[in-house]
Each structure stands twice: as C-alpha cells, then as structure tokens.
Amino acid sequence: MSHNNLSVLRATLRLYIAGDTPAARRALESRLKIQEFAGGIEIETIDILAHPEEAEKAGILATPTLSDESATPPRRLVGDISNIDQVLDYFGYYKKDGGHDHS
C-alpha cells in the first residue's frame, strides 16, 4: 500500500453517531454541508449502537465524533461540527472556491 499522499484524491473521514438523537441529526446535517463545501471529502457514517465493535476498535468514547483515522494519531473533533470553516481548518481542508472568506 502506497503512502504517497499525492495519489490520494479523496479524503475519508468517519462520523461516529449513536442512534437517532438530536445531536446525531445535527451531525448528519453538518456532514452534508462539509461534503458540499469541501470538494473531495467523503464522510463515512458509523452508528455505534448498530456497530459497537467499530467504536471499540477506534477508541470512540463520545458521540458525535468526526475522525480522520489516516492521521497518526487520529485527529478527532468531538461534539458540535456545525462550524464548517472550523472543521475544515482543523482537518486541513479548504473550501471548493479555493479559500476561506476572511472578510
């Protein structure tokens, strides 16, 4: 397996949620916005109630958690991910328009 980041066109993040709660619904809405604003990001959703082994394997202790498990150690945001600019900055991504609005 190659570790050459130049060959990776799409980044994959994981969004861990726990069932159908208000926090999970907000996280899923934010997931769609993140994917809309940042080209090339795929976000896999894992419901830890349906797949507890995935949460255990990843060491997820709270939800919602957005995780980039390609980083060592994994980079994670726990809780509210509705501030799209903050989420993109944290994970090192940029909006499709080529930058951030600094006005």
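Above this text is the structure in question.
This text gives an overview of the structure that appears in the document. (Residues numbered from 1 in each chain as written. Predicted model: local features only at pLDDT ≥ 70, side-chain atom pairs only at ≥ 80, totals over all residues. Heavy atoms only, no water.)

Some thoughts on the overall build of the protein
Then, number 1: If you tally the helices and strands in the protein, you get three helices and four strands.
Then, number 2: For the protein, the sequential pattern of α-helices and β-strands runs β-α-β-α-β-β-α.
Then, number 3: Residues classed as buried in the protein amount to 33% of the 103 residues present.
Then, number 4: A fraction of 60% describes how many contacts in the protein between residues 6 or more apart in sequence connect residues 24 or more apart. (Helix = DSSP H or I, 4+ residues; strand = E, 2+ residues; numbered from the N terminus. Buried < 20%, exposed > 50% of the residue type's maximum accessible area, 1.4 Å probe, protein only. Contact = heavy atoms within 4.5 Å.)

Here's the deal with helix α3 (residues 84-91)
Then, number 1: Buried within α3 are the following residues: I84, V87, L88 and F91. An end-on view of α3 places all buried positions within 95° of arc, on one side of the element. (Arc of directions from axis to C-beta.)

Focus: the packing of aromatic side chains
Then, number 1: Applying the stated criterion across every chain yields a total of one aromatic pair.
Then, number 2: For the ring pair Y90 and F91, a centre distance of 5.0 Å and an interplane angle of 90° mean the geometry is edge-to-face.
Then, number 3: A cation over an aromatic ring shows up here: R75 above the ring of Y90, its NZ or CZ 4.1 Å from the ring centre. (Phe/Tyr/Trp six-rings, centres within 6.5 Å; stacked < 30°, edge-to-face > 60°. Lys NZ or Arg CZ within 6 Å of the ring centre and 35° of its normal.)

Comments concerning the nonpolar core
Then, number 1: In terms of nonpolar packing, the biggest core is built from 17 residues, with I34, I41, L66 and I81 touching the most fellow members.
Then, number 2: Mapped by element, the contributors of at least two residues to this core are β1 (11-17), α1 (22-37), β2 (41-47) and α3.
Then, number 3: When residues in this core are grouped by element, the largest group, four residues, is from α3.
Then, number 4: Judged by nonpolar contacts, the second largest core, of seven residues, contains A18, I46, A58 and I60. (Core = buried A, V, L, I, M, F, W, Y, C linked by side-chain atoms within 4.5 Å.)

Here we look at the pairing of strand β4 (residues 75-78)
Then, number 1: One ladder, built from four bridges, connects strand β3 (residues 65-68) with β4; its direction is antiparallel. In the sheet register, T65 faces β4, and the bridge partner there is V78.
Then, number 2: Connecting the antiparallel pair β3 and β4 is a turn made up of six residues. (Pairing = 2+ DSSP bridges.)

Re the pattern of salt bridges
Then, number 1: This structure, assessed with the given rule, holds six salt bridges.
Then, number 2: Close ionic contact of E69 with R14 constitutes a salt bridge, the shortest N to O distance being 3.5 Å. Placement of the pair is E69 in the loop between β3 and β4 and R14 in strand β1, with a sequence separation of 55 residues.
Then, number 3: Residue R14 is classed as partly exposed on the basis of its relative accessible area of 22%.
Then, number 4: Here D20 makes a salt bridge to R25, at a shortest N to O gap of 2.8 Å.
Then, number 5: Residue class for R25 comes out partly exposed when judged on its relative accessible area of 40%. (Salt bridge = Lys/Arg side-chain N within 4 Å of Asp/Glu carboxyl O.)

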